[in-house]
Amino acid sequence: MSERVENKNPCLNCGACCASYRVSFYWSEAKELGLEGHHIEKVNGWRICMAGTNQRSPLCCSLEGVVGRQVICLVYANRPSPCREVQPGDDKCNKARIRHGLNPIDPADMSSAEAGDEG
C-alpha cells in the first residue's frame, strides 16, 4: 500500500520573498553555485544579485509562476545564501507575504508540520 505524502511547504505556492527583496551576495558564491549569465546582475565590484531583484519592484528572474498561487524556483538546489536564510513564518517571510496580500504564517504551525514530517 502506498501512502500519499502531502508537501506542507508553503513556499511552493507563495514566492512572496522572491518578489520583495534584493538578493545580493558575494560574486564567489555565485561561482561556487554555478549561477551565471542571465541569473545574476552586478551590484558593485564584489557583490552581485539575482537578476530582477535590484529593482524598485523586485522579481527574481528564477521565479516561475504566480506569487501567492503556485511558484517554482528554477535554481532552488543552487539558490544563494540570502534565499536559504528566509524561513517560512520568519519576519522577512511574513513581511513579504503581507506586501503581496497574503496572510502571515505562524512559525509555531511550521514547527508542528515539520515534526509531523519526520515520522
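Residues numbered from 1 in each chain as written. Predicted model: local features only at pLDDT ≥ 70, side-chain atom pairs only at ≥ 80, totals over all residues. Heavy atoms only, no water.

Peer 1: How should a nonpolar patch on the surface be read in this particular structure?
Peer 2: Residues Y26, W27 and W46 make up a contiguous nonpolar surface patch of about 400 Å² in total accessible area. Locating Y26 in the fold gives a position in strand β1 (residues 24-26). (Patch = residues over 30% accessible without salt bridge, like charges linked within 9 Å, V, L, I, M, F, W, Y side chains within 5 Å. Areas by Shrake-Rupley, 256 points an atom, 1.4 Å probe, with all protein chains shown as cover. Salt bridge = Lys/Arg side-chain N within 4 Å of Asp/Glu carboxyl O. Helix = DSSP H or I, 4+ residues; strand = E, 2+ residues; numbered from the N terminus.)

Peer 1: Where do I start with the side chain of R97 in this structure?
Peer 2: Along the polypeptide, R97 turns up in helix α3 (residues 91-99). Among buried Asp, Glu, Lys and Arg side chains, R97 stands out as unpaired, with D90 the closest opposite charge at 9.6 Å. When residues no more than four places from it in sequence are discounted, the contact partners of R97 are C14, A16, L102, N103, P104 and I105. (Buried < 20%, exposed > 50% of the residue type's maximum accessible area, 1.4 Å probe, protein only. Lys, Arg positive; Asp, Glu negative; His and termini not counted. Contact = heavy atoms within 4.5 Å.)

Peer 1: Hey, could you run me through the sheet that holds strand β3 (residues 47-50) in this one?
Peer 2: Within a sheet, adjacent strands bond to each other through the backbone by hydrogen bonds, running parallel or antiparallel. Spatial ordering of the open sheet is given by β1-β3-β2, a layout of 3 strands whose pairing is antiparallel. In the strand order of this sheet, the two ends are held by β1 and β2 (40-42), each with one partner. With direction set aside, neighbouring strand axes in the sheet form an average angle of 40 degrees. Across 3 bridges, the pairing between β2 and β3 is antiparallel. Along β3, the bridge assignment pairs E41 with C49. (Pairing = 2+ DSSP bridges. Axes fitted to C-alpha atoms, helices over the stretch in contact; angles between N-to-C directions.)

Peer 1: Help me understand the pattern of salt bridges, please; the structure alone is not making it clear to me.
Peer 2: Once their charged atoms are close, side chains differing in charge can pair, the charge on each being opposite to the other. One pass over the structure, following the stated rule, counts 1 salt bridge. A salt bridge links K95 to D91; its shortest N-O distance comes to 3.3 Å. Highlighted residues: K95 and D91, both in helix α3, separated by 4 residues, approximately one helical turn. Each member of the pair, K95 together with D91, is exposed.

Peer 1: Help me out: how do you make sense of the environment of G65 in this one?
Peer 2: When you line up the elements, G65 lands in strand β4 (residues 63-66). For the pair G65 and C14, spaced 51 residues apart in sequence, the C-alpha to C-alpha distance is 9.4 Å. Look past the residues within four positions of G65 in its chain and what remains in contact with it is Q70 and V71.

Peer 1: Just to check I follow, could you spell out the confidence of the model for the protein chain for this structure?
Peer 2: Any segment with low pLDDT has predicted coordinates that should not be analysed in fine detail. Mean pLDDT over the protein chain works out to 88, with 87% of the residues at or above the 70 mark. In this model residues 1-6 is a low-confidence stretch, pLDDT under 50, and it forms 0 contacts with partners more than four residues away in sequence or in other chains. With pLDDT under 50 throughout, residues 115-119 is counted as low confidence; its partners more than four residues away or in other chains account for 1 contact. (pLDDT = per-residue confidence, 0-100.)

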